[in-house]
Amino acid sequence: MKLDSVYFDLDGTLVDSEVLHARCWNDILDSFSIHYDESEFCRMFSGKATVVAAEQLIAKHGLSLSIEELAKRKNDLFTEIAKTSLPPLLPGVYECIEGCRALGLKLALVTGSAKSEALAILHGHNLYSLFDVVVTRDDVTHAKPHPEPYLQAKAALNAHRGVAVEDTHTGLTAANAANLLSIVVPNKFSLTQDISIADIRCDNLFSALGTIKNSCL
């Protein structure tokens, strides 16, 4: 059966935003006299939803506030900064998305980021209208690595055979559990993760588009 849909992750896959997320976390944690090396923080939390990172940080440092409050502080700060300092797109984003649209494939954006964070990026880079469906952390009960975000996107698209484009072990786990083919396009932070669970590995989004085209023949 030919592909009928493509599901794109956002952070680390379409946009180089991991460092900005880490900087926002450091700004929030500074009031607790906590600081992380940016690269190390990205390697530790790449692919994890903000609420998951918040839960782990609270547990590790014994912070006296709720997961929801810590996550909200970080989400609000990221959204505000992204309004004026958008993280850059990774190479091949427009070409890959437009190439998939030209193939007649249904497109979904499936992210662990909060809706406010995702929309700031998508609207800022004029990407929002290119997707048929957008599923954020706020739209689901369970974030990646649970398959719920992908299952929700599949149902909304009424799609049957799709491929997910991801960059992390967390995202790949969710995609595989949702019975999607998976393409991993790793970045410098996710290279240390177990990305061998992907069906296909590509070096960049241009290569990912070529793989998707071949799957549509």
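Residues numbered from 1 in each chain as written. Predicted model: local features only at pLDDT ≥ 70, side-chain atom pairs only at ≥ 80, totals over all residues. Heavy atoms only, no water.

Participant: I'd love a proper account of the packing of aromatic side chains, names of residues and values included.
Facilitator: Taken as a whole and judged by the stated rule, the model has five aromatic pairs. Where W25 meets F41, the ring centres are 6.4 Å apart and the plane angle is 45°; that geometry is what we call tilted. Remark: F41 occurs in helix α2 (residues 38-45) and W25 occurs in helix α1 (residues 18-29); sequence separation between them is 16 residues. F41 matches W25 in its accessibility class, with the two residues each being buried. Aromatic side chains F41 and F45 sit 4.5 Å apart centroid to centroid with 35° between the ring planes, which places their arrangement in the tilted category. With F41 and F45 both in helix α2 and four residues apart, the pair spans about one turn of that helix. F45 matches F41 in its accessibility class, with the two residues each being buried. (Phe/Tyr/Trp six-rings, centres within 6.5 Å; stacked < 30°, edge-to-face > 60°. Helix = DSSP H or I, 4+ residues; strand = E, 2+ residues; numbered from the N terminus. Buried < 20%, exposed > 50% of the residue type's maximum accessible area, 1.4 Å probe, protein only.)

Participant: With reference to specific residues and values, describe the pairing of strand β2 (residues 106-110).
Facilitator: Among the five residues in β2, four count as buried, and that is most of the element. With four bridges joining them, strand β1 (residues 5-8) and β2 adopt parallel strand pairing. Residue pairing in the sheet places F8 in a bridge with L109 of β2. Bridge analysis of β2 against strand β3 (residues 133-135) gives three bridges, and the strand direction is parallel. Note on β3: the bridge partner recorded for V110 is V135. (Pairing = 2+ DSSP bridges.)

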